[in-house]
Amino acid sequence: MSSNGDWRGPQYGPGPGGGAPWGYAVQAPRPGVVPLQPLGIGEIISGVFATLQRYPAALFVPVLWTAFGSLAAFGVMAVVAVQVLDGPWEAIRADRTPTTAELLTVVSTAAAALLLFTVALTALYAVSSATATVVLRSAVIGRKASARAVWAESRPLLWRVTVAQILTGLLAAAVMLVSLLPAALLGLFLGAGPALAAGLLFAVPGWAGAVYIQVRLVLEIPVLVLENTRPVAALRRAWRLNEGNWWRSLGIPYVVGLIGSFAAQIVLVPFMVGGMLVMVSSTDSATADPYGPGAPPPVAGLVTLFFCLAVGTVLATALTVPLTPLTNGLLYIDRRIRRESLDIALAEAAGLRGGPAAHVPGQPGAPAAETAAGEPSASAPGTEIGTEPGTAKPETPEG
């Protein structure tokens, strides 16, 4: 198995009976952030934060550079917005109806700001998804990973990661649109009332279908990065690999996401408060304002508020976004261990002789046993594992 190659097959079926005495289990080896055995919920969550603790530079340096680039673009956008929106906003403050040209200026500026914000978040998610998954490859076998090396390996994958994320979003959106087609047809023939009722009725299963697709495909980025596949192939492989694991794929990332959301609010709130204070102070300082105390704030104060919100959101996202790809990556490793004996290849890649520790046969949570004497072993460190997944072993009961 290559430390910077892909993790594809061939796979291993169940090994021979373990050699441990009845009622005794040898602890699985732990060369990195998780033990090389089927992972429980606690082991996945602790593995996420152990990776954050051990590889902070490799995880955050590429993401923070992306965030700082986005913030520089936001700064330029804010300066331009103050200039172009001054006329239309003064018309609103003076209770004058803006002209068509002024309205177009406002709409185009808002659309440009929204587009820039969307591009910035997409870039953060793409960079973090690629880099965090590359870091996890080293984290599970206890190897070092520098920010420079991680970025060099991740950079060629960014376009594929972005395409895969867009494809998943389009699939979910397509399900929603299909669910609303009956409402659109009723609107054409029966009017707005029945169309609205049908839309509300069919929106629920459409939303449920969209959520199901997104959760079922949470392994797409680990598959794409660790198995070095193309976006469409990664979607197909992730769909098959995550079969029967939907609730874990929903619940575990949700728990980790709650922790990240709490941390993000701690980062965001000071920027929100600072922006509001600047806006209020700019309004109160306009002592010569003839429009009274209830007038809208100056355009500079309003733009400053939105700029502070954008800065806080980008920084909060940059500091918490690695949580999701790390969680999904450990879910992927868990599925590969349960179904395809990835623990054997990981143990050999970590330099552990004999593979994972043997457990009592049939014991819940036992990983695959060692390969029998005379069988070809999993590929040694520094070599690829193969080309295409083969036969899967019977799944271990999930813990």
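Scoring rules and cut-offs
- Residues numbered from 1 in each chain as written.
- Predicted model: local features only at pLDDT ≥ 70, side-chain atom pairs only at ≥ 80, totals over all residues.
- Heavy atoms only, no water.
- Core = buried A, V, L, I, M, F, W, Y, C linked by side-chain atoms within 4.5 Å.
- Buried < 20%, exposed > 50% of the residue type's maximum accessible area, 1.4 Å probe, protein only.
- Helix = DSSP H or I, 4+ residues; strand = E, 2+ residues; numbered from the N terminus.
- Patch = residues over 30% accessible without salt bridge, like charges linked within 9 Å, V, L, I, M, F, W, Y side chains within 5 Å.
- Areas by Shrake-Rupley, 256 points an atom, 1.4 Å probe, with all protein chains shown as cover.
- Salt bridge = Lys/Arg side-chain N within 4 Å of Asp/Glu carboxyl O.
- Polar contact = N/O pair within 3.5 Å; in protein donor to acceptor, adjacent residues only side chain to side chain.
- Phe/Tyr/Trp six-rings, centres within 6.5 Å; stacked < 30°, edge-to-face > 60°.
- Axes fitted to C-alpha atoms, helices over the stretch in contact; angles between N-to-C directions.
- Parallel < 35°, antiparallel > 145°, perpendicular 65-115°, else oblique.
- Contact = heavy atoms within 4.5 Å.
- Nonpolar A, V, L, I, M, F, W, Y, C, P; charged D, E, K, R; others polar.
- pLDDT = per-residue confidence, 0-100.
- Left-handed = near helix turned anticlockwise from the far one by under 90°.

Remarks on the nonpolar core
For step 1, the next point in the chain: One finds Leu59, Val140, Leu219, Val225, Leu330 and Ile333 to be the most contacted residues of the largest nonpolar core, which totals 69 residues.
For step 2, the next point in the chain: With 11 residues, helix 3 (residues 100-139) is the largest single contributor of residues to this core.
For step 3, the next point in the chain: Formed by 5 residues, the second largest nonpolar core is a distinct cluster that contains Ala78, Ala81, Leu85 and Val303.

Some thoughts on a nonpolar patch on the surface
For step 1, the next point in the chain: A contiguous nonpolar surface patch, about 370 Å² in accessible area, is contributed by Tyr254, Val255, Leu258 and Ile259.
For step 2, the next point in the chain: By the element assignment, leucine 258 lies in helix 9 (residues 246-284).

Notes on the side chain of arginine 338
For step 1, the next point in the chain: Summarising the element assignment, arginine 338 is placed in helix 11 (residues 323-340).
For step 2, the next point in the chain: Here arginine 338 falls in the buried class, since its relative accessible area comes to 1%.
For step 3, the next point in the chain: A distance of 3.1 Å separates a polar side-chain atom of arginine 338 from the backbone oxygen of leucine 39.
For step 4, the next point in the chain: In this structure the side chain of arginine 338 is engaged in a polar contact, spanning 2.8 Å, whose partner is the side chain of aspartate 334.

Remarks on the environment of leucine 64
For step 1, the next point in the chain: Its location among the elements puts leucine 64 in helix 2 (residues 56-93).
For step 2, the next point in the chain: The spacing of leucine 64 and threonine 317 is 253 residues in sequence and 9.8 Å in space, taken between C-alpha atoms.

A short note on the pattern of salt bridges
For step 1, the next point in the chain: Scanning all chains against the criterion turns up 7 salt bridges.
For step 2, the next point in the chain: Arginine 237 is paired through a salt bridge with glutamate 340; the nearest N and O atoms lie 3.0 Å apart. In this pair, arginine 237 is assigned in helix 8 (residues 231-241) and glutamate 340 in helix 11, connecting sequence segments 103 residues apart. Summarising the burial analysis for this pair, arginine 237 and glutamate 340 share the class buried.
For step 3, the next point in the chain: Between aspartate 334 and arginine 248 there is a salt bridge, and its shortest N-O distance comes to 3.1 Å.

Regarding the environment of valine 135
For step 1, the next point in the chain: Tracing the backbone shows valine 135 in helix 3.
For step 2, the next point in the chain: According to the relative accessible area criterion, valine 135 is buried, its value standing at 0%.
For step 3, the next point in the chain: Sequence separation of valine 135 and valine 150 is 15 residues, and the distance between their C-alpha atoms is 6.7 Å.

A word on unusual backbone geometry
For step 1, the next point in the chain: The backbone of asparagine 228 shows a phi angle near 55°, a positive value even though the residue is not glycine.
For step 2, the next point in the chain: Looking at the element boundaries, asparagine 228 is found in the loop between helix 7 (220-226) and helix 8.
For step 3, the next point in the chain: By relative accessible area, asparagine 228 is classed as partly exposed at 39%.
For step 4, the next point in the chain: We note that serine 341 has phi near 55°; this positive angle belongs to a residue other than glycine.
For step 5, the next point in the chain: With respect to the helices and strands, the residue serine 341 is situated in the loop between helix 11 and helix 12 (342-349).

A word on the packing of aromatic side chains
For step 1, the next point in the chain: Using the criterion set out here, one finds 5 aromatic pairs in the structure.
For step 2, the next point in the chain: On the basis of an interplanar angle of 40° and a centroid distance of 6.2 Å, the ring pair of phenylalanine 74 and phenylalanine 117 is categorised as tilted. In this pair, phenylalanine 74 sits in helix 2 while phenylalanine 117 sits in helix 3, placing the two residues 43 residues apart along the sequence.
For step 3, the next point in the chain: For phenylalanine 74, a relative accessible area of 7% corresponds to the buried category.
For step 4, the next point in the chain: Owing to a relative accessible area of 24%, phenylalanine 117 belongs among the partly exposed residues under this scheme.
For step 5, the next point in the chain: Measuring from ring centre to ring centre gives 5.9 Å for tyrosine 212 and tryptophan 239, while their planes differ by 80°; the resulting arrangement is edge-to-face. Of this pair, tyrosine 212 sits in helix 6 (residues 192-216) while tryptophan 239 sits in helix 8, placing them 27 residues apart in sequence.
For step 6, the next point in the chain: What links up through ring pairs into an aromatic cluster is the set Tyr212, Trp239, Trp246 and Trp247.

Regarding the packing of helix 11 against helix 12
For step 1, the next point in the chain: Interaxial distance between helix 11 and helix 12 falls to 7 Å at its minimum, and their mutual angle equals 115°. In terms of orientation, helix 11 and helix 12 fall into the roughly perpendicular class. For the pair helix 11 and helix 12, contact is made by Ile333, Arg336, Ile337 and Glu340 and by Leu342, Asp343 and Leu346, respectively.
For step 2, the next point in the chain: In the contact of helix 11 with helix 12, the residues fall into 4 nonpolar, no polar and 3 charged.

Brief notes about the confidence of the model for the protein
Close inspection of predicted coordinates is inappropriate for parts of the model with low pLDDT.
For step 1, the next point in the chain: Per-residue confidence for the protein gives a mean pLDDT of 80; residues scoring 70 or more make up 77%.
For step 2, the next point in the chain: Note on residues 286-292: pLDDT under 50 across the span, and 4 contacts to partners over four residues away in sequence or across chains.

Section: the packing of helix 1 (residues 41-54) against helix 11
For step 1, the next point in the chain: Taken N-terminus to C-terminus, the directions of helix 1 and helix 11 make an angle of 130°; their axes are 9 Å apart at the nearest point. Classified by the angle their axes make, helix 1 and helix 11 are oblique. Pair helix 1 / helix 11 crosses with right-handed handedness. Contacts between helix 1 and helix 11 involve Ile44, Gly47, Val48, Phe49, Thr51 and Leu52 from the former and Leu323, Leu326, Thr327, Leu330 and Leu331 from the latter.
For step 2, the next point in the chain: Looking at side-chain class alone, the contact of helix 1 with helix 11 contains 8 nonpolar, 3 polar and no charged residues.

Description of the environment of serine 281
For step 1, the next point in the chain: By the element assignment, serine 281 lies in helix 9.
For step 2, the next point in the chain: In this structure, the C-alpha to C-alpha distance between serine 281 and glycine 301, residues 20 residues apart in sequence, is 8.3 Å.
For step 3, the next point in the chain: Within the structure, the side chain of serine 281 is placed 2.8 Å from the backbone oxygen of valine 278, a separation counted as a polar contact.

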